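# A look at the structure
One letter stands for each residue in the lines below.
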Amino acid sequence: FSLAMEHKPPKRPRSGYNFYQLSFLADGSSARHTQHAAKEVSKSWRRLSASEKAPYMSMANFDQNRYAHELIQFEEAMAKKREEICQADTEGIPQSFLNLIKNQRPPHHSAVEFPAISNPRT
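Described in the following lines is the structure provided in the data block. (Residues numbered from 1 in each chain as written. Predicted model: local features only at pLDDT ≥ 70, side-chain atom pairs only at ≥ 80, totals over all residues. Heavy atoms only, no water.)

## A word on helix α3 (residues 35-47)
Let me state the cut-off plainly: By the criteria applied, helices consist of DSSP H or I runs no shorter than four residues and strands consist of E runs no shorter than two, each listed in order from the N terminus. A helix is expected to reach a length of 1.5 Å times the quantity of its residues less one. Any residue under 20% of the maximum accessible area for its type is buried, any over 50% is exposed, and the rest in between are partly exposed; the area is computed with a 1.4 Å probe on protein chains only. Each direction from the helix axis to a C-beta atom contributes to the arc, which is the arc of those directions. The contact rule is simple, with two residues in contact once any of their heavy atoms fall within 4.5 Å.
Over its 13 residues, α3 runs 19 Å from end to end, which matches the ideal 18 Å to within 8%, given 1.5 Å per residue. The complete set of buried residues in α3 reads Ala-37, Val-41, Ser-44 and Trp-45. For α3, the buried positions fall inside an angular range of 100° around the axis, keeping them on one side. Away from its buried face, by an angle of more than 90 degrees, α3 presents the exposed residues Gln-35, His-36, Arg-46 and Arg-47. Looking at the buried side of α3, the elements it contacts are α2 (16-26) and α4 (50-87).

## Remarks on the packing of aromatic side chains
Stated formally: Pairing of aromatic side chains requires ring centres within 6.5 Å, counting the rings of Phe and Tyr and the six-membered ring of Trp. Pairs whose planes differ by under 30 degrees are stacked, by over 60 edge-to-face, and all others tilted.
Under the defined criterion, the tally for this structure stands at five aromatic pairs. For the pair Tyr-20 and Trp-45, a centre-to-centre distance of 5.3 Å together with 45° between the ring planes defines the contact as tilted. With a gap of 25 residues between them, Tyr-20 in helix α2 and Trp-45 in helix α3 connect regions that are remote in the sequence. Here the two residues Tyr-20 and Trp-45 agree in accessibility, since each one is buried.

## What about a positive patch on the surface?
The line we're drawing: Each patch is built from salt-bridge-free residues with over 30% relative accessible area, joining like charges within 9 Å and nonpolar side chains (Val, Leu, Ile, Met, Phe, Trp, Tyr) within 5 Å. The Shrake-Rupley method, run with a 1.4 Å probe, gives the accessible areas here. Residue values count only the displayed protein chains as cover. Salt bridge criterion: a side-chain nitrogen from Lys or Arg within 4 Å of a carboxyl oxygen from Asp or Glu. Neither His nor the chain ends is counted toward charge; the positive residues are Lys and Arg and the negative residues Asp and Glu. Charge positions are represented by NZ for Lys, CZ for Arg, CG for Asp and CD for Glu.
There is a patch of like positive charges on the surface, built from Lys-39, Lys-43, Arg-46 and Arg-47. Within the fold, Arg-47 resides in helix α3.

## Remarks on the nonpolar core
Convention followed: Among buried residues, the Ala, Val, Leu, Ile, Met, Phe, Trp, Tyr and Cys ones that are joined through side-chain atoms within 4.5 Å form a nonpolar core.
Ranked by size, the top nonpolar core spans ten residues in total: Phe-19, Tyr-20, Phe-24, Leu-25, Ala-37, Val-41, Trp-45, Leu-48, Tyr-56 and Ala-60. Ranked by the residues each element gives to this core, the list is headed by α2, at four residues. Setting aside residues no more than four positions away along its own chain, Trp-45 makes contact with Gly-16, Tyr-17, Tyr-20, Lys-53, Tyr-56 and Met-57.

## A short note on α2
Buried residues of α2: Gly-16, Phe-19, Tyr-20, Phe-24 and Leu-25, and no others. Considering only its buried residues, α2 is in contact with α3 and α4.

## Overview of the environment of Tyr-20
The class for Tyr-20 is buried, based on a relative accessible area of 7%. Between the C-alpha atom of Tyr-20 and that of Ala-60, which follows or precedes it by 40 residues, the distance is 10.0 Å.

## Looking at the side chain of Ser-44
Tracing the sequence through the fold places Ser-44 in helix α3. For Ser-44, a relative accessible area of 14% corresponds to the buried category. Setting aside residues up to four positions removed in sequence, Ser-44 forms contacts with Tyr-20 and Phe-24.

## Considerations on the packing of α2 against α4
Helices that pack against each other are described as a pair by the angle of their axes relative to one another and the distance between those axes. Worth spelling out the cut-off: All axes here are fitted lines through C-alpha atoms, helices being fitted over the stretch that makes contact, and every angle between N-to-C directions spans 0 to 180 degrees. Orientation labels follow simple angle bins: below 35 degrees gives roughly parallel, above 145 gives roughly antiparallel, 65 to 115 gives roughly perpendicular, and whatever is left gives oblique. Definitions for this section: a left-handed crossing has its near helix turned counterclockwise from the far helix by less than a right angle. A right-handed crossing has that turn clockwise. Classification used: nonpolar for Ala, Val, Leu, Ile, Met, Phe, Trp, Tyr, Cys and Pro, charged for Asp, Glu, Lys and Arg, polar for all others including Gly.
Remark: α2 packs on α4, axes separated minimally by 7 Å, with the N-to-C direction vectors making an angle of 120°. In terms of axis orientation, α2 runs oblique to α4. Crossing of α2 against α4: the hand is right-handed. Residue-level inspection shows Gly-16, Phe-19, Tyr-20 and Ser-23 of α2 in contact with α4, the latter providing Tyr-56, Met-57, Met-59, Ala-60 and Asp-63. Classifying every residue of the contact of α2 with α4 gives six nonpolar, two polar and one charged.

Here it is, written out as structure tokens:
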């Protein structure tokens, strides 16, 4: 029986560069998934000013908050599922195994706030 089969962890957050890469390749000007395309995206990203990167960094901050929120929900769901397993019919299951499951609770999380990203050039 696997807890991970019922509850999958949230997808990791994307960076500002990841969002830029998606929009850059979405216009079809470059072949996707090639070394040449990756170099084009990288060069283009480095040439952007901080104000041009701002929308992508904003999306990355939003995605980081989404990830933090979903991670908390995932950990709470896993803790609840562990508790259900411990309270279920445990006949024939060794007590040592039940204790192990019961003690695998995630740490308590408070609300997550992320600092604003400052521009290192200014």
